[in-house]
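Here is how the chains run, residue by residue.
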Amino acid sequence: EVQLVQSGAEVKEPGESLKISCMGSGYSFTKYWIGWVRQTPGKGLEWMGIIHPSNSTAIYSPSFQGQVTLSVDKSIKTAYLQWSSLKASDSGMYYCARRWAANDQETWFEPWGQGALVSVS
Amino acid sequence: DIQMTQSPSSLSASVGDRVIMTCRASQSIGSYLNWYQQRPGKAPNLLIFAASSLQHGIPSRFSGTRSGPDFTLTISSLQPEDFGSYYCQQSFDFPYTFGQGTKLDIK
């Protein structure tokens with residue numbers, strides 16, 4: 001079974017750093033891009049970026065460029081999303097998801113991780 | 001960024017009803033449009049990709065169509081387990097963007 005399992009909920013204070021994880025199993029981890037999506041009551045679902053586990057190439061949404069860092073450790077089939085200095089506005093549910101691609105534009109996310117709730121206050 | 005607009009924002013329907021919801025992009029996106037279902041407290045789940053292709057394992061009562069700039073998700077006969085929120089997402093260009101969602105309640 002293809003699965004993405006994320007790390008647990010986090011409660012942090014503004015200014016702290018944080019790294020959350022997403023571990024893949026049941027498929028060839030280095031073949032598929034991993035995406036990250038934030039969900040908040042105010043802004044709904046927001047795509048943050050994607051990273052390719054084979055070479056760590058990352059594409060960021062302009063809204064999140066410079067605010068977060070995507071990384072991966074392919075030896076343990078795990079992708080990461082990290083912040084160096086959290087703000088209250090970073091609070092939300094964060095999902096990782098595997099990106100399928102039929103071609104450069106015909107792409108979709110499946111499956112998704114269970115989500116990680118980040119609270120900053 | 002490409003803006004995705006879904007309508008209605010919420011709807012209530014009875015078991016057995018035919019339910020239709022729509023999504024429109026702020027510019028042409030071809031057929032690069034996906035639909036996801038999200039039940040409360042759960043992660044989104046892919047229903048339809050490339051506007052009209054049914055994801056493996058999804059019941060055939062779900063279908064997606066495109067007519068010019070408008071995309072439609074139809075549930076042919078609503079079932080109790082279909083409650084939740086539905087989101088469209090464009091993959092035509094970065095940054096990928098999602099609609100604001102349609103919340104479906106079962107009467």
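Since this is a predicted model, take the numbers as computed values, not measurements.

## Notes on the packing of aromatic side chains
On inspection of all chains with the given rule, the structure shows 16 aromatic pairs over all chains. An aromatic cluster of at least three residues, connected via ring pairs, comprises A:W47, A:Y95, A:F109, A:W112, B:Y36, B:F94, B:Y96 and B:F98. Between the NZ or CZ atom of A:K19 and the centre of the ring of A:Y80, over which it lies, the distance is 4.5 Å. Over the face of the ring belonging to A:Y27 we find A:R98, whose NZ or CZ atom lies 4.7 Å from the ring centre.

## Side note on unusual backbone geometry
Residue B:S7 is joined to B:P8 through a cis peptide bond whose omega torsion reads -10 degrees. Notably, A:S56 is not glycine yet its phi reads approximately 65 degrees, a positive angle. Position of A:S56 among the secondary structure elements: in the loop between strand 5 (44-51) and strand 6 (58-60). Using a relative accessible area of 37% as the deciding quantity, one classes A:S56 as partly exposed.

## Digging into the interface of chain B and chain A
Size of an interface, as often reported, equals the accessible area lost when the parts are brought together. Across the boundary between the two partners, chain B contributes 19 residues, which contact 20 residues of chain A. Summed over both partners, the interface of chain B with chain A buries about 1800 Å², with 63% contributed by carbon and sulfur atoms. Linking chain B with chain A are zero salt bridges, by the criterion used here. At the junction of chain B and chain A, the tally comes to ten residue pairs in polar contact (both at pLDDT 80 or more). Listing elements by their share of the side of chain B that touches chain A, those giving two or more residues are strand 4 (33-38), strand 5 (45-49) and strand 9 (84-90) of chain B. Looking at which element gives the most residues to the side of chain B that touches chain A, the answer is strand 4 of chain B, with three residues. Class assignment for the residues of the side of chain B that touches chain A results in 13 nonpolar, five polar and one charged.

## Here's the deal with the state of the cysteines
Chemically, a disulfide is nothing more than a covalent bond linking the sulfur atoms of two cysteines. Residues and elements named next belong to chain A. Following the criterion strictly, the structure yields two disulfides over all chains and no others. Here C22 is linked by a disulfide to C96, with a sulfur-sulfur distance of 2.0 Å. Judged by the torsion about the S-S bond (80 degrees), the C22/C96 disulfide is right-handed. Here C96 lies in strand 9 (residues 92-101) and C22 lies in strand 3 (residues 18-25), a separation of 74 residues in the sequence.

Procedures and definitions
- Residues numbered from 1 in each chain as written.
- Chains lettered and ligands numbered in written order.
- Predicted model: local features only at pLDDT ≥ 70, side-chain atom pairs only at ≥ 80, totals over all residues.
- Heavy atoms only, no water.
- Phe/Tyr/Trp six-rings, centres within 6.5 Å; stacked < 30°, edge-to-face > 60°.
- Lys NZ or Arg CZ within 6 Å of the ring centre and 35° of its normal.
- Helix = DSSP H or I, 4+ residues; strand = E, 2+ residues; numbered from the N terminus.
- Buried < 20%, exposed > 50% of the residue type's maximum accessible area, 1.4 Å probe, protein only.
- Contact = heavy atoms within 4.5 Å.
- Buried area = accessible area lost by both parts, 1.4 Å probe.
- Salt bridge = Lys/Arg side-chain N within 4 Å of Asp/Glu carboxyl O.
- Polar contact = N/O pair within 3.5 Å; in protein donor to acceptor, adjacent residues only side chain to side chain.
- Nonpolar A, V, L, I, M, F, W, Y, C, P; charged D, E, K, R; others polar.
- Disulfide = S-S within 2.5 Å.

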